[in-house]
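Survey of secondary and tertiary structure
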Amino acid sequence: MKTALITGITGQDGSYLAEQLLEKGYIVHGIIRRASTFNTSRIDHIFQDIHEKDAKLFLHYGDLADSTAISKIMHSVEPDEVYHLGAQSHVRVSFDIPEYTGDATGLSTARILEAIRRSKKDIKFYQASSSEMFGAEPPPQNEKTKFHPRSPYGCAKVYAYHLTINYRESYGMFASNGILFNHESPRRGETFVTRKITRGVARILAKKDKNLYLGNLDAKRDWGYAPDYTEGMHLMLQHKKADDFVLATGETHSVREFVQECFSHAGLNWEDYVKIDKRYFRPAEVENLLGDASKAKKELGWEPKVTFKELAKIMLDADMKEEGLKGIIEK
């Protein structure tokens with residue numbers, strides 16, 4: 001029976017990955033921050049009392065800025081696999097708190113890699129890299145595309161990416177980067193644009209809001225479904241050797257297209273409700289991200305299953321249910 005340690009387990013990706021690993025028979029440990037309020041809503045449905053004899057999911061208080069705590073958890077858990085998903089992951093916010101983003105998103109990787117190295121255990125490591133590292137580079141982007149990050153978040157991810165490779169090459173560690181393009185779900189944070197859109201449409205239908213305020217509608221992204229991508233993370237650590245892989249759908253759609261899809265599903269004209277607010281524009285925009293996942297398809301057998309239209313429907317249905325409304329209008 002394998003043991004996995006997940007940072008960021010209470011986030012979108014961490015919660016789906018934990019579910020999937022438990023289904024595969026893993027014992028799963030997660031690191032969570034101590035807070036005055038409960039922030040485990042995404043994993044409450046799979047959490048068991050640790051005193052139950054068949055418990056398979058365990059949570060540990062820790063902070064990615066605390067190397068001592070990370071080392072202690074690594075020593076007590078002795079995982080077979082570590083999935084480092086925790087970060088300050090909001091790109092727009094990274095412009096407001098660049099130092100914290102560099103610490104939580106970049107230096108945290110150094111702390112975890114060092115804890116693994118010092119443990120002298122044969123532990124496989126997954127680093128959650130990001131398509132934001134490509135930034136201004138023209139599409140399609142793959143493992144050979146150079147990096148040109150356009151945000152403090154992207155810069156921090158580039159540092160963590162190269163550090164992962166450095167530990168792999170310097171110490172022979174099984175350390176892999178998953179360069180994931182945008183992946184969404186009903187568990188996406190409410191401040192991220194796709195969730196902001198689906199939640200906004202649901203609130204408009206529920207008569208709670210009159211308008212939806214957004215930033216740049218022309219930005220294009222390669223959007224997939226989060227559970228497809230967390231399956232890809234697991235496949236990377238089962239591969240015969242550590243390597244770096246892009247995960248993407250190979251399709252690009254603008255924010256405007258996502259807006260149109262959701263409002264159309266709900267039977268509304270988006271132009272009657274959407275307002276542009278300059279506060280939501282980034283100081284430096286990434287205009288077009290489009291991934292080429294042919295390497296992952298060939299070597300891992302990975303392919304996305306959920307389409308763009310299906311993703312919008314899944315997310316809108318979930319937010320409408322949250323508002324006590326029935327599912328989207330079928331055409």
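Residues numbered from 1 in each chain as written. Predicted model: local features only at pLDDT ≥ 70, side-chain atom pairs only at ≥ 80, totals over all residues. Heavy atoms only, no water.

1. Details of unusual backbone geometry
To keep things clear, this is the line we draw: Here a strand is any run of E in DSSP of at least two residues, a helix any run of H or I of at least four, and the numbering for each starts at the N terminus. Accessibility here uses a 1.4 Å probe with only protein chains present; expressed as a share of the type maximum, an area under 20% marks a residue as buried, one over 50% as exposed, and anything in between as partly exposed.
The peptide bond linking P139 to P140 adopts the cis configuration, its omega dihedral lying at -5°. With a phi close to 50°, E78 is a non-glycine residue in the positive phi region. Inspection of the secondary structure assignment puts E78 in the loop between α2 (67-77) and β4 (81-84). Since its relative accessible area comes to 43%, E78 is described here as partly exposed. Although it is not a glycine, K207 adopts a positive phi angle of roughly 65°. Along the chain, K207 falls in the loop between α6 (193-205) and β8 (212-214).

2. Let's talk about the sheet that holds strand β5 (residues 124-130)
Note the following rule: Note: two strands are recorded as paired if DSSP finds a minimum of 2 bridges between them. Every axis in this analysis is a line fitted to C-alpha atoms, fitted for helices over the stretch in contact. Angles between the N-to-C directions lie between 0 and 180 degrees. Only heavy atoms enter the contact rule, under which two residues are in contact if any of them lie within 4.5 Å.
Taking strand neighbours across the sheet as the criterion, the seven strands line up as β3-β2-β1-β4-β5-β6-β11 in an open arrangement whose pairing is parallel. Every interior strand has two partners, whereas the edge strands, β3 (57-61) and β11 (244-247), have only one. Geometrically, the sheet is characterised by an average inter-axis angle of 20° between neighbouring strands, direction not taken into account. When β4 meets β5, the two strands line up parallel, connected through four bridges. Following the sheet pairing, V82 is matched in β5 by F125. Together, β4, β5, β6 (175-180) and β11 form the strand contacts of helix α7 (residues 226-238), whose direction differs from that of β4 by roughly 140°.

3. Some points on the packing of α2 against helix α4 (residues 98-119)
Rules: Any angle that is under 35 degrees is reported as roughly parallel, and any over 145 degrees as roughly antiparallel; angles of 65 to 115 degrees are reported as roughly perpendicular and all others as oblique. Working rule for handedness: look at the near helix, and if it is turned counterclockwise from the far one by less than a right angle, call the crossing left-handed; if clockwise, right-handed. As a working rule, the residues Ala, Val, Leu, Ile, Met, Phe, Trp, Tyr, Cys and Pro are called nonpolar, Asp, Glu, Lys and Arg charged, and the rest polar, with Gly in that last group.
At a minimum axis distance of 9 Å, the contact between α2 and α4 shows a crossing angle of 40°. In terms of their interaxial angle, α2 and α4 are classed as oblique. Two packed elements cross with a definite hand, and for α2 against α4 that hand is right-handed. Packed against α2, whose contacting residues are S67, I70, S71 and M74, the element α4 presents R111, I112, A115 and I116 at the interface. In terms of residue class, the contact of α2 with α4 is built from five nonpolar, two polar and one charged.

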